[in-house]
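Take a look at the letters that make up each chain.
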Amino acid sequence: MSGTGNGAPEGAAAAAAPDQATIADIVARMRRIEQQEARPGAHRLGPSAPKASGASEAEGSGAESSGAEASGAEGAAPVASEPGVDEATAAPSAAEPAAAAPVAPPVARPTAPPVAAPMRAAAPSADALRETTAVLTAGGAPADLAAAAVAALGEGAAEQLREDPWAVLGLAGVRPEHADHFARGLLGTSVGPDDERRARALVVWLLEQAALRGHSAQDAKDVVAGLERLRVPDPLAAIAEAVAEGRLLSFQEELTGPGAPAANSDEEEAEPPTRMLLALEGPAMAEDSLAEKLLQLMATFVPGEDAGEEEGEEPDAGEPSPEASSGESAEPEPAAPEPAAPGPAAWEATAEAAPSSSSTALIRAVAGSALVLHTGGDAARAEPAALLAAATGLGLRAWAATWTDQGRDSFDALSPAATPVVTLAELLSGTAGPGRAADGTLALDLLVLLDAPLLDVELAATVLESLADGTRLVLSGDPGQLWSAGPGRFFADLLAAKACPAVASRTPDFGPIGELVSGVGVGELQPVEAPEKEVVILAAKDGGEAVHRAVQLLTDSIPRALGIPAEQVVLLTPGHGGPAGTRALNAAAKARLNPGPGRFGGFDPGDRVVESPAPGVTRPARVLDGDAAGLHLEFPDGSRRTVPPAEAGRLRHGWALTVHQALGRRWPAAVVVVPEDAGAALSRQWVYTAFGRGERHLSVVHAAGPALAQAVAERPAQPRTTRLRAILAENAVAED
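### Concerning the overall build of the chain
Argument step 1. Within the chain one finds 25 helices and 22 strands.
Argument step 2. Here the chain holds 736 residues, and the buried ones make up 51% of them.

### A closer look at the side chain of T419
Argument step 1. Structurally, the position occupied by T419 is in the loop between helix 16 (405-412) and strand 8 (421-423).
Argument step 2. Given a relative accessible area of 16%, T419 falls into the buried group.
Argument step 3. When sequence neighbours within four positions are dropped, the list of residues in contact with T419 reads L388, F411 and D412.

### Digging into the packing of aromatic side chains
Argument step 1. Inspection of the entire model under this criterion finds zero aromatic pairs.
Argument step 2. Lying over the aromatic face of F635, R619 brings its terminal NZ or CZ to 3.9 Å of the ring centre.
Argument step 3. The cationic tip of R723 hangs over the ring face of F251; the distance from NZ or CZ to the ring centre is 3.6 Å.

### Comments concerning helix 21 (residues 543-562)
In an α-helix, one turn spans 3.6 residues, which is why side chains three or four residues apart end up on the same side.
Argument step 1. The largest bend in helix 21 is about 50°, located at L553.
Argument step 2. Among all positions of helix 21, only G543, A546, V547, A550, V551, L553, L554, T555, S557 and I558 are buried.
Argument step 3. Tucked inside the fold, the buried residues of helix 21 contact strand 12 (535-539), strand 13 (569-573), helix 22 (582-593), strand 20 (667-674) and strand 21 (694-702).
Argument step 4. Structurally, the start of helix 21 carries an N-cap: the backbone nitrogen of G544 is 3.2 Å from a side-chain oxygen of D542.
Argument step 5. Count one or two residues on from helix 21 and you reach G563, which has phi positive near 75°.

### Digging into the sheet that holds strand 11 (residues 502-504)
Argument step 1. One open sheet holds the six strands; their spatial order is 8-7-9-10-6-11, and the pairing between them is parallel. Each of the sheet's edge strands pairs with one partner strand only, and the pair in question is strand 8 and strand 11. Within the sheet, the average angular offset between the axes of one strand and its neighbour, ignoring direction, is 20°.
Argument step 2. As judged from the five bridges shared by strand 6 (residues 371-375) and strand 10 (residues 472-477), these two strands associate in the parallel manner.

### Looking at the pattern of salt bridges
Argument step 1. Tallied over the full model, the rule gives 31 salt bridges.
Argument step 2. With a closest N to O distance of 3.6 Å, E245 and R200 form a salt bridge. Here E245 is found in the loop between helix 10 (235-244) and strand 4 (249-256), whereas its partner R200 is found in helix 8 (residues 196-212), with 45 residues between them in sequence.
Argument step 3. Relative accessible area serves as the criterion here: at 16%, R200 is assigned to the buried category.
Argument step 4. In this structure, the salt-bridge partner of R622 is E634, at a minimum N-O distance of 2.9 Å. Of this pair, R622 sits in strand 15 (residues 617-627) while E634 sits in strand 16 (residues 630-634), placing them 12 residues apart in sequence.
Argument step 5. Residues joined in a network through salt bridges with shared partners are E611, R619, R641, E647 and R650.

### Focus on the nonpolar core
Argument step 1. Counting residues in hydrophobic clusters, the biggest one holds 67 residues, and the most contacted among them are L424, L475, F490, W686 and F691.
Argument step 2. In this structure F490 touches L290, L294, A452, L455, A460, L464, L475 and L724, once residues within four positions along its chain are discounted.
Argument step 3. Listed in part, the 42 residues of the second largest apolar core include A183, W205, L227 and I239.

### Some remarks on the sheet that holds strand 18 (residues 651-653)
Argument step 1. Pairing is antiparallel in the open sheet, where five strands are placed in the order 17-16-15-14-18. Looking at which strands have only one partner, the edges of the open sheet turn out to be strand 17 (640-643) and strand 18. Direction aside, neighbouring strands of the sheet carry axes that sit 45° apart on average.
Argument step 2. Here strand 14 (residues 608-614) pairs with strand 15 via five bridges, running antiparallel. In the strand pairing of strand 15, R608 is matched with R622.

### Describing the packing of helix 9 (residues 220-229) against helix 10
Argument step 1. Packing of helix 9 against helix 10 leaves a shortest axis separation of 9 Å and a crossing angle of 120°. As far as their axial angle goes, helix 10 and helix 9 are oblique. In the packing of helix 9 onto helix 10, the handedness of the crossing is right-handed. Residue-level inspection shows A220, V223, V224, L227 and E228 of helix 9 in contact with helix 10, the latter providing P235, L236, A238 and I239.
Argument step 2. Considered class by class, the residues forming the contact of helix 9 with helix 10 number eight nonpolar, no polar and one charged.

### Brief notes about the packing of helix 21 against helix 22
Argument step 1. At a minimum axis distance of 10 Å, the contact between helix 21 and helix 22 shows a crossing angle of 45°. With respect to their mutual orientation, helix 21 and helix 22 come out oblique. Read as a crossing pair, helix 21 and helix 22 show a hand that is right-handed. Every residue of helix 22 that contacts helix 21 at V547, A550, V551, L554 and T555 is listed here: A584, L585, A588, A589, R592 and L593.
Argument step 2. Among the residues forming the contact of helix 21 with helix 22, the class breakdown is nine nonpolar, one polar and one charged.

### Observations regarding the confidence of the model for the chain
Argument step 1. In this model, the chain carries an average pLDDT of 82, and 76% of its residues clear a pLDDT of 70 or more.
Argument step 2. Ignoring residues within four places in sequence, the model shows residues 310-319, a span with pLDDT below 50, making one contact including any to other chains.

### Considerations on the environment of S216
Argument step 1. Structurally, the position occupied by S216 is in the loop between helix 8 and strand 3 (218-219).
Argument step 2. Linking S216 and L724, residues 508 residues apart in sequence, is a C-alpha distance of 9.1 Å.
Argument step 3. If we ignore the near neighbours within four places in the chain, the residues touching S216 are A279, P283, E287, P487, G488, T721, T722 and R723.
Argument step 4. Side chain to side chain, S216 and E287 meet in a polar contact 3.0 Å long.

### Considerations on the pairing of strand 5 (residues 274-279)
Argument step 1. The buried fraction of strand 5 amounts to six of the six residues, a majority that puts the element mostly inside the structure.
Argument step 2. Along strand 5, one buried face is formed by T274, M276 and L278 and the opposite face, lined by R275, L277 and A279, is buried too.
Argument step 3. With two bridges connecting them, strand 3 and strand 5 associate as antiparallel partners. Among the inter-strand pairings, Q218 is bridged to a residue of strand 5, identified as L278.

### Considering unusual backbone geometry
Argument step 1. With a phi close to 60°, D451 is a non-glycine residue in the positive phi region.
Argument step 2. Locating D451 in the fold gives a position in the loop between strand 9 (446-449) and helix 18 (457-465).
Argument step 3. Exposure remark for D451: the relative accessible area of 11% places this residue in the buried category.
Argument step 4. Positive phi is not limited to glycine here, since K498 has a value of about 55°.
Argument step 5. Along the chain, K498 falls in the loop between helix 19 (490-497) and strand 11.
Argument step 6. Under the relative-accessibility criterion, K498 is labelled exposed at 72%.

Parameters at a glance
Residues numbered from 1 in each chain as written. Predicted model: local features only at pLDDT ≥ 70, side-chain atom pairs only at ≥ 80, totals over all residues. Heavy atoms only, no water. Helix = DSSP H or I, 4+ residues; strand = E, 2+ residues; numbered from the N terminus. Buried < 20%, exposed > 50% of the residue type's maximum accessible area, 1.4 Å probe, protein only. Contact = heavy atoms within 4.5 Å. Phe/Tyr/Trp six-rings, centres within 6.5 Å; stacked < 30°, edge-to-face > 60°. Lys NZ or Arg CZ within 6 Å of the ring centre and 35° of its normal. Bend = angle between axes of the 7 residues up to and from the residue. Polar contact = N/O pair within 3.5 Å; in protein donor to acceptor, adjacent residues only side chain to side chain. Pairing = 2+ DSSP bridges. Axes fitted to C-alpha atoms, helices over the stretch in contact; angles between N-to-C directions. Salt bridge = Lys/Arg side-chain N within 4 Å of Asp/Glu carboxyl O. Core = buried A, V, L, I, M, F, W, Y, C linked by side-chain atoms within 4.5 Å. Parallel < 35°, antiparallel > 145°, perpendicular 65-115°, else oblique. Left-handed = near helix turned anticlockwise from the far one by under 90°. Nonpolar A, V, L, I, M, F, W, Y, C, P; charged D, E, K, R; others polar. pLDDT = per-residue confidence, 0-100.

Set out below in structure tokens:
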């Protein structure tokens, strides 16, 4: 087995020279890029550069951009981003990235992340917890980190922390200053910023923080800047060591397009302008796997043919078979049913019978393509529903998958007949849906994946790997909404790459709320006519007044004036903390609607809660009771579950949510709270998503003044650095 930890060939770790050569090569490449940028007239790839229009556009919720915020795990205390890294990432080059060629050392790439149902980790042993607690306490760290340390580092966590105290940076909420304090407490004051263990850990930590903000990769210069702020004496060497050890991967990306810096014309064979990207193994391999599988689906797709199209004579029924002529007789084996393969005429007849022009366009696109993108708002979901009905009528095994159970039920309600639709979690786990074929792939011919923008690159790779060659895949979603809680911008990168047909719905979301959201989508925040009080805008002087007004709307005004009970109203805000975050809003809502001491782990019977089993996944519920076994919850579909005390940290009060937690769901009424300190967290994407959560009524309580309209007009989204679009472009060029 290779000892390099990065998939290098056997024996690579035995010789020191190759590692040193790798480090020297990486440093040399970075030096060349720096020199290239320093030439007169060269484009500067730094914080002052103009924002890219394509490859690094953005996720829109600064306060919610981390996976911890999106999942609602408040106890994880999302780590604040490094300012310089964010600034540099927010202003990438205006050039389009072309090829992203891996830099040494070579890394073995699996086809895709394995498809497996999530498994609950085994409980740590008492000995491991006790030893880890002792080490943490000796270094001055909180003892309650022991369980998380053993879960992250294994049963040998205590010994690993003794040998490398900065390994504690792998735990949620731990910042460099905390790790430095722990290292000094454990090893003495002799350790300092130049410790190699510290440098290696900080390189990975910076990339992990970037992943929490949605980046699947980072420009190496941004990582260097972050390491310099953290007083790492030789950032380039630290990065090179981390790459050589397989802690992260590096890629050299060529910049092309109208915004690319020009090569020096004085040089006969000038190298094209490039940048070096660094990525954690999971997101990097997921993007590689995604591109490979998407191209494979399209390459193996064979459209059906109409009856009578094939040329050739039918075998003569009077000719004896070879078996018959030899005198042998055999029982005929039952033939497996041939998969349906409707031809162009059958598809066209179905398309012409579709209920809308957008449905017709979608059906026609799917008839001739393995991969199709579909964009539109909530009302546009009728088009994938029409496609599903058409494909089922043609004999295809067609299924749809949604992000939430509410999305599944609302999609099912679009058709009077039973609709083959499941949640994505049900589809992948096999608890519902088409099941699996003998080779482990999903037993279907067409998958319509709704809410596609919510998939991060690793989950998207898992979905793609579960599809058999030749399967039709439709990715549908609203491109104006917030992206995934995890790293990447899967759907947006596919749209930008233009690698397959894309059908834009012409079906608008009607009513005053739809009109308001449509305006936000094009950068305009304009008043709309709302004769039935569908939209109400209220100003507040500060966060405290915003909380008071929002809770009054929840508990009194909306139920009394519109007949919508408080249970069907949601409060939405940018983040958990602050004067008008979810904590403050939930405390005020509980005091009015269900006061109590919180006798069951901070909760009382009747409390409205949300469970967050994974980043970006939120399940609303109500507390029925609690005992030694845990909290007994009831979900909207009537199902019940007992949450054991060890998992109670996944629960939080649910009258107020962050907008990221609300993705994939809508409520009869939504109250959007915009605190005075939310300016930096606001973007057009965030406002678009927040305003679209209300079905019948939307109230906006804001104390942000002109910052709200400014965000809609000037900040389309928060930036994300990704590689998928460049990989697809590289493969497209290679095929041409």
